[in-house]
Amino acid sequence: MRTLIVGGVAGGMSAATRLRRLDESAEIVVFERGQYVSFANCGLPYYVGGVITNRSDLLLQTPESLTARFRLDVRINREVTSVDRAARTVTVRDTITGDVSTEPYDRLVLAAGASARSAPRGLATTTLRTIDDVDHIESVLSGRPDGATAVVIGAGFIGLEAVENLVHRGVRVTLVQRGMQLFGPLDPEMAAPLLATLQEQGVDVRLGTTVLGASADGLGLALSDGTTVAADLVIDASGVSPDTSLAEQAGLRIGASGGVWVDDTQRTSDAFIYAVGDGVEKTDAVTGDPLLVTMAGLANRHGRAAADSIAGQPEPASPALGTAILGLFGVVVALTGWSEKRLVAAGRAHRIAHTHPVSHAGYYPGAEPMSMKLLIDPQTDAILGAQIVGGSGVDKRIDVIATAMAGGLTASALTRLELAYAPQFASAKDPINQLGYVADNLRAGTSRNIQWHELAAARVAGAVLVDVRSIGEFEGGSIPGAINVPLDELRSRLADLPTAPLIVHCQVGQRGHTAARLLTQHGFDVRNLDGGYRTWLAGDSLSTVRPTPERILA
Ligand code: FAD
């Protein structure tokens, strides 16, 4: 059995090494058009930033080491240019000599990854995707020891990691983002703290802005907001698209999402050809719909699944949640499943719970705040998604929720998870349990909440906002027009409250819940402002970055 693999990094090399472990007799040939295989593309930004100091640490394997351990025939600088499905051959071009050869296969695995979307025309940009890219970035930065300037286009995962690492290197950075929010996968109120974080680090953030091209003086870039910015370096991180070129040439089915269609064993529409990684359509774990996710864990897992299938022991490759995490100057951002804006766009009913716990028992030194958001199906109580922003402890909480989703636990079941606790690690009621309590109260009708973005309309309709925080907290900052009745005075001041529907709130939602329970039992029509003043404030801060009409038109 001769298996050819196109692409020698995450998905391709996982397929190759797994196949060898399963079948010592298989002939396995890997074609990689670049000069490096199995390199740590996720580590590239940290090499730019000087966090990873040895370039060689990025090169996890070499063709020689893969031959020695796995008896793989790894051919670098070889581009597969076409597939002949009838003859079961591929055409391979040597990218150094230009020589062309034909190679037969019994099974073919396409692991060609994704391609960067093209930069504005006429602009000299670099991507941050390969060893060659970081070598180029390094040469520009080291040529300007007195301080370089850079423009990063796009505020997604790679754009933000690029910004952080360029700042570490002392580069003055302008971040240009077409949308009105950083890090599009998050809901806007969850992403709000990222803007403040970048601005504290001196990053010039331009939201609602695009790059038009090189500036007239040729020294920088002209932006759609009418300004020009200096740029010794322009990193284009505006996104990627699945590389389906070979699959299309071969006439394979392309899925509705734009990635190569595969079944649940990674087999394409041709029974002899498999496809894995960023170029491939995934199945959404929440809905079962086609989905694009470009993450390393899925590329590795699906590479393994393809090898299992080729070796005759197919295991269904499970669907994708899109679980992801990002560090930005000490702020940790993590998400899994669907966001609120995606649910709204799809017209899918949902419940929301925001909480603001701390990473471990508040009395033990070093507890860090975090903001959590859970999206829930109101009919089934299924968890649809979650987002967490904070510091330490964010990673394990998102992984618990992703695991709960994969295992089909309901939101209310989070109350019952028995999680490890000692004061320096967690709380006796872990933030996950607390999120479950909020969700369970919503499910049972013990509480009703309202979201920060629904507040204005509810007040226009006649609801009265009651701030149940202390007088000191109220005076330190409050939602305009709220009346202040501290929670501990509420029972004695019921007569002061209007009979109109009430919306109560505290700082993070917990005292608001107690107030809502108290008032409901006294016959009031009450809802709790979800996530309290803190979530409202994050949402309200977005109004300061909304574009002027001129900027939208630009
Ligand atoms: P790749 O790993 O991109 O490999 C595809 C290979 O195929 C390339 O080397 C390419 O040269 C080769 N190729 C393409 N066409 C041909 C051809 N015709 N012939 C021969 N060779 C070909 N994911 C995470 O989950 N977490 C992270 O923190 C993270 N950070 C990242 C940071 C950066 C800077 C980048 C660029 C990506 C990051 N990712 C991260 C994404 C992750 O790296 C990808 O999801 C993963 O590498 C995809 O694996 P793949 O095998 O599909 O494609």
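Before going into details, it helps to say that this report is about the structure given with it. Within any chain, residue numbers begin from 1 and follow the written order of that chain's sequence. Where totals are concerned, whole chains, interfaces and linings use all residues; where local detail is concerned, this predicted model gives features only for residues with pLDDT of at least 70, and gives and counts side-chain atom pairs only at 80 or more. Working from all heavy atoms in the structure, the side-chain values ignore hydrogens and water.

## Re the nonpolar core
Stage number 1. Nonpolar core, defined: a set of buried Ala, Val, Leu, Ile, Met, Phe, Trp, Tyr and Cys residues in which side-chain atoms within 4.5 Å join the residues together. When accessible area is computed with a 1.4 Å probe and restricted to protein chains, residues below 20% of their type maximum are described as buried, those above 50% as exposed, and intermediate ones as partly exposed. Leu166, Leu175, Leu182, Leu186 and Leu198 are the most contacted members of the largest nonpolar core, which has 47 residues in total.
Stage number 2. In what follows, a contact means two residues having at least one pair of non-hydrogen atoms within 4.5 Å. When sequence neighbours within four positions are dropped, the list of residues in contact with Leu182 reads Ala155, Leu175, Gln177, Ala191, Leu194, Leu195, Leu198, Val205 and Leu207.
Stage number 3. Formed by 23 residues, the second largest nonpolar core is a distinct cluster that contains Val332, Leu374, Ile376 and Met405.

## Examining the layout of surface pockets
Vacant regions in the atomic arrangement are exposed by a probe of water-molecule size rolled over the atoms.
Stage number 1. In this analysis, the protein atoms alone were mapped onto a 1 Å grid. Cavities are point sets where a 1.4 Å probe fits without being able to get out; pockets are open sets with protein on both sides within 12 Å along at least five of seven lines; lining residues have an atom within 4 Å of a point. Grid points are joined across faces, edges and corners, and a volume is the space filled by probe spheres set on the points. Quantified by volume, the second largest pocket comes out at close to 590 Å³.
Stage number 2. Per the convention used, a helix needs a DSSP run of H or I reaching at least four residues, while a strand needs a run of E reaching at least two, with both numbered from the N terminus. Looking at the lining of the second largest pocket, the elements that each hand over two or more residues are strand 22 (351-355), helix 11 (431-444) and helix 14 (510-521).
Stage number 3. If you tally residues by element for the lining of the second largest pocket, the top one is helix 11, at 5 residues.
Stage number 4. When residue character is reported, Ala, Val, Leu, Ile, Met, Phe, Trp, Tyr, Cys and Pro are called nonpolar, Asp, Glu, Lys and Arg charged, and the others, Gly included, polar. Residues belonging to the lining of the second largest pocket are distributed by class as follows: 7 nonpolar, 13 polar and 4 charged.

## Observations regarding the sheet that holds strand 13 (residues 220-223)
Stage number 1. Read from one edge of the open sheet, 3 strands run 12-13-14, paired in antiparallel fashion. Across the chains shown, the open sheet's two edge strands, defined by having one partner strand only, are strand 12 (211-214) and strand 14 (228-230). Across the sheet, the axes of successive neighbouring strands diverge by a mean angle of 30°, strand direction being ignored.
Stage number 2. Pairing of strand 12 with strand 13 involves 3 bridges; the strand directions are antiparallel. Note on pairing: two strands pair once DSSP finds at least 2 bridges between them. Only C-alpha atoms enter the line fits that serve as axes; for helices the fit covers just the stretch in contact. Angles between N-to-C directions range over 0 to 180 degrees.

## Some points on unusual backbone geometry
Keep in mind that most residues, glycine aside, have a negative phi and that most peptide bonds are trans.
Stage number 1. Of note in the backbone geometry, Asn77 takes a positive phi value of approximately 55° without being a glycine.
Stage number 2. Its place among the elements puts Asn77 in the loop between strand 3 (73-76) and strand 4 (78-84).
Stage number 3. Residue classification places Asn77 among the buried residues on the basis of a relative accessible area of 17%.

## What to know about empty space enclosed by the protein
Stage number 1. All told, the structure shown has 1 cavity of 30 Å³ or more when counted by the stated rule.
Stage number 2. Roughly 80 Å³ of internal volume is contained in the largest cavity.
Stage number 3. Together, 14 residues line the largest cavity, and Leu110, Ala111, Ala112, Asp243 and Val260 are the ones closest to its centre.
Stage number 4. Along the lines of polarity and charge, the residues of the lining of the largest cavity split into 9 nonpolar, 4 polar and 1 charged.

## Focus: the site of the ligand
Stage number 1. Nearness of a residue to a molecule or strand requires only that one of the residue's heavy atoms be within 4 Å of it. Near the ligand you find 28 residues, and of these Gly11, Glu32, Val80, Asp278 and Ala296 are the closest.
Stage number 2. As used in this structure description, the phrase polar contact means that two N or O atoms lie within 3.5 Å; if the pair is within protein, one of them must be able to donate a hydrogen and the other to accept it, and residues adjacent in sequence are counted only when both atoms belong to side chains. At 2.6 Å from an oxygen atom of the ligand is found a side-chain nitrogen or oxygen belonging to Glu32.
Stage number 3. Take Val80: an N or O atom from its main chain is 2.9 Å from a nitrogen atom of the ligand.
Stage number 4. Those elements that place two or more of their residues in the shell around the ligand are helix 1 (10-22), strand 2 (27-32), strand 4 and helix 8 (296-310).
Stage number 5. For the shell around the ligand, the residue count by class is 15 nonpolar, 7 polar and 6 charged.

## Considering the sheet that holds strand 2
Stage number 1. The parallel open sheet is built from 5 strands, whose spatial order is 3-2-1-7-17. The sheet terminates laterally at strand 3 and strand 17 (273-275), the two strands that pair on one side only. Taking each pair of neighbouring strands and ignoring which way they run, the sheet shows an average axis angle of 15°.
Stage number 2. Of the strand pairs in this sheet, strand 2 and strand 3 are connected by 4 bridges, and their pairing is parallel. If you follow Glu32 over to strand 3, its bridge partner there is Ile76.

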